[in-house]
Amino acid sequence: MTKGHVLITGGAGFIGSHLVDTMLSRGFEVSVLDCLMPQVHGDADLDADGWPVYLNAGARRIKGDILDDGVFAASLDGVTHLAHLAASVGVGQSMTNIVDYTRNNAMAAAIMLEILSKGHHQVRRMAVASSMSIYGEGEYRSLANRENVTPTLRSHEQLARREWELSDNGAELEPVPTRETKLLQPASIYAVNKRDHEEMFLAVGRALGIPTVALRLFNAYGSRQALGNPYTGVAAIFIARLLNDQPPLVFEDGEQKRDFVHVLDVANAFATVLENDQQVWEICNVGSGQAITVNEIALTLARLLKKNIAPEILGKYRVGDIRHCFADITKLEQLFGARPQRQFEEGMRELIDWVATARKPVDRSATSMAELAGNKLVV
Ligand SMILES: NC(=O)c1ccc[n+]([C@@H]2O[C@H](COP(=O)([O-])OP(=O)(O)OC[C@H]3O[C@@H](n4cnc5c(N)ncnc54)[C@H](O)[C@@H]3O)[C@@H](O)[C@H]2O)c1
């Protein structure tokens, strides 16, 4: 007797595949629906049918695109729990491939929800992957009066002057952990899509009486990350550069703060909210709760890889990039009892060990940089 049957869209991907393992180990039957995007899986070791070899053999596999007629409906057979992770995930790329991104990230959600709204299924709980990118800038506090403020995004003029930090009418600001209540200021098409699909799932889930949780993931890292895809995962991109004896390329001055969360902590967050039986429609951050600068990541990785290579500080900025954002993770713990277990350095060591056993990553930074510069998205 299983605890239920979970369908994981994007289950062959980085986070989805770990969620497959976690749900199987928790006693669920698992189906994976994935179209095996070449940009994601092109560099991985694949089996004869094109599935990544790391994918757990215990899961049922459905190769198909959610956007294609009938694919999602046919995947719902016997499904009681839905984890929606399939998406196009490149923030920079979303600013040029706007139609494709909106189709895959928002239209796909519409297709799924319309099918669910027509009934003929047993789905009784949903979890959906949202992203910290929908916040735009993280939360800040004024050093003058200690009050939290929501600053506007940095202007082109400010960035052109290479003034990276935010201020509020001249007052200095310090970044503080970002809560779910912060005003959303999505600054890329990817972020707009993620905000939309989060709200679409919550609205329809509520209307249909299907408890739904949107998890706003911060920067996930860990094994199975697409190492050759230049549009995602800064840690993987830096490792690929370092392994090719090239310096990690750092935008702005490298002092921007992010929150890196281990992929197993992300999988645990999904599994915990799916297994829980509270009748809720909630949004929760999933992060480590620790702020770390991009320079610190580059230096830590170089040290762990025993490479005497300093990051190359480009002093350039990417249109749509934010300065600081790291998670306040109290809500997920208070509501569901889930908290991250892994420390940053331990996690990075694991990532490096995995890279050593994976295929030699292709460093495509130069191509992606040229593409972004050509489209005036790196200045
Ligand atoms: N990795 C992160 O740090 C991070 C941060 C915030 C949010 N997220 C979100 O988490 C989810 C998973 O991200 P990931 O890093 O594992 O990405 P990934 O690219 O490794 O996995 C996504 C998977 O979805 C599949 N897919 C894409 N479109 C599809 C479609 N139309 N039909 C079927 N399959 C499709 C791809 O083939 C791929 O296997 C995404 O929704 C992403 O937006 C990730």
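Residues numbered from 1 in each chain as written. Predicted model: local features only at pLDDT ≥ 70, side-chain atom pairs only at ≥ 80, totals over all residues. Heavy atoms only, no water.

- Labelled according to an unreviewed UniProt entry, the chain appears under the name NAD-dependent epimerase/dehydratase family protein, originating from Devosia aurantiaca.
- The chain has a UniProt comment under Pathway (unreviewed entry) that states "Bacterial outer membrane biogenesis; LPS O-antigen biosynthesis." (UniProt positions renumbered as here; feature names shortened; annotations may be inferred.)

### Topic: the sheet that holds strand β7 (residues 148–149)
Working step 1: Taken in spatial order, the four strands make up an open sheet running β7-β6-β9-β8, and their pairing is antiparallel. Pairing within the sheet leaves two strands with one partner each, and these edge strands are β7 and β8 (167–168).
Working step 2: Both strand β6 (residues 139–142) and β7 contribute to a ladder of two bridges, which runs antiparallel. Residue Tyr140 lies in a different strand from β7, and its bridge partner there is Val149. (Pairing = 2+ DSSP bridges. Helix = DSSP H or I, 4+ residues; strand = E, 2+ residues; numbered from the N terminus.)

### Things to note about the packing of aromatic side chains
Working step 1: Per the counting criterion, the structure on display carries five aromatic pairs.
Working step 2: Relative to Phe218, the ring of Tyr135 lies with its centre 6.3 Å away and its plane at 40°, an arrangement referred to as tilted. Of this pair, Tyr135 sits in the loop between β5 (125–131) and β6 while Phe218 sits in the loop between β10 (212–217) and β11 (219–221), placing them 83 residues apart in sequence.
Working step 3: In this structure Phe218 comes out as buried when scored by relative accessible area, which is 5%.
Working step 4: Aromatic pair Phe260 and Phe344: ring centres 6.2 Å apart, planes at 65°, arrangement edge-to-face. (Phe/Tyr/Trp six-rings, centres within 6.5 Å; stacked < 30°, edge-to-face > 60°. Buried < 20%, exposed > 50% of the residue type's maximum accessible area, 1.4 Å probe, protein only.)

### Description of the pairing of β5
Working step 1: Counted residue by residue, β5 has seven buried out of seven residues, so it is predominantly covered.
Working step 2: On β5, burial covers both faces: Arg125, Ala127, Ala129 and Ser131 on one face and Met126, Val128 and Ser130 on the other are all buried.
Working step 3: Of the strand pairs in this sheet, strand β4 (residues 81–84) and β5 are connected by four bridges, and their pairing is parallel. Within β5, the residue paired with His84 across the bridge is Val128.
Working step 4: Judged from the six bridges that link them, β5 and β10 form a sheet pairing that is parallel. What sits directly across from Met126, in β10, is Thr212.

### Structural notes on the side chain of Glu137
Working step 1: Tracing the chain through its elements places Glu137 in the loop between β5 and β6.
Working step 2: Judged by its relative accessible area of 1%, Glu137 falls in the buried class.
Working step 3: In this structure the side chain of Glu137 is engaged in a polar contact, spanning 2.6 Å, whose partner is the side chain of Tyr140.
Working step 4: Setting aside its immediate chain neighbours within four residues, Glu137 contacts Leu153, Arg154, Leu166, Lys182, Gln185, Ile322, Arg323 and His324. (Polar contact = N/O pair within 3.5 Å; in protein donor to acceptor, adjacent residues only side chain to side chain. Contact = heavy atoms within 4.5 Å.)

### Concerning the nonpolar core
Working step 1: Grouped together as the largest cluster of nonpolar side chains are 37 residues, with contacts concentrated most on Ile8, Met23, Leu215, Phe270 and Leu332.
Working step 2: Only β1 (5–9), α1 (14–25), β2 (29–34), β5, β10, α9 (263–275), β15 (281–286) and α11 (330–336) provide two or more residues apiece to this core.
Working step 3: Ignoring sequence-local partners within four residues, the contact set of Phe270 consists of Leu19, Leu85, Ala127, Val128, Ala129, Leu215 and Leu217. (Core = buried A, V, L, I, M, F, W, Y, C linked by side-chain atoms within 4.5 Å.)

### Notes on the packing of helix α8 (residues 234–243) against helix α12 (residues 344–357)
Working step 1: Two elements in contact, α8 and α12, have axes whose closest approach is 11 Å; the angle formed by their N-to-C orientations is 55°. Comparing their axes, α12 and α8 come out oblique. Handedness of the α8/α12 crossing: right-handed. Residues Ala235, Ile239 and Leu243 of α8 form the contact with α12, whose participating residues are Met348, Leu351, Ile352 and Val355. (Axes fitted to C-alpha atoms, helices over the stretch in contact; angles between N-to-C directions. Parallel < 35°, antiparallel > 145°, perpendicular 65-115°, else oblique. Left-handed = near helix turned anticlockwise from the far one by under 90°.)

### Some words on the site of the ligand
Working step 1: Taken together, 28 residues are adjacent to the ligand, and Asp34, His41, Asn104, Tyr190 and Lys194 come closest.
Working step 2: Contact distances for the ligand include 2.9 Å between an oxygen atom and a backbone N or O atom of Met37.
Working step 3: Separating an oxygen atom of the ligand from a backbone N or O atom of Leu85 is a distance of 2.9 Å.
Working step 4: Put simply, the parts of the chain that give the shell around the ligand at least two residues each are α1, α2 (38–41), β5, α7 (189–208) and β11. (Near = heavy atom within 4 Å.)

### Remarks on α8
Working step 1: Counting buried positions over the ten residues of α8 gives eight, a clear majority of the element.
Working step 2: Taken residue by residue, α8 has Ala235, Ala236, Ile237, Phe238, Ile239, Ala240, Arg241 and Leu242 as its buried positions.
Working step 3: Backbone geometry just downstream of α8 places Asp245 in the positive-phi region, at approximately 60°.

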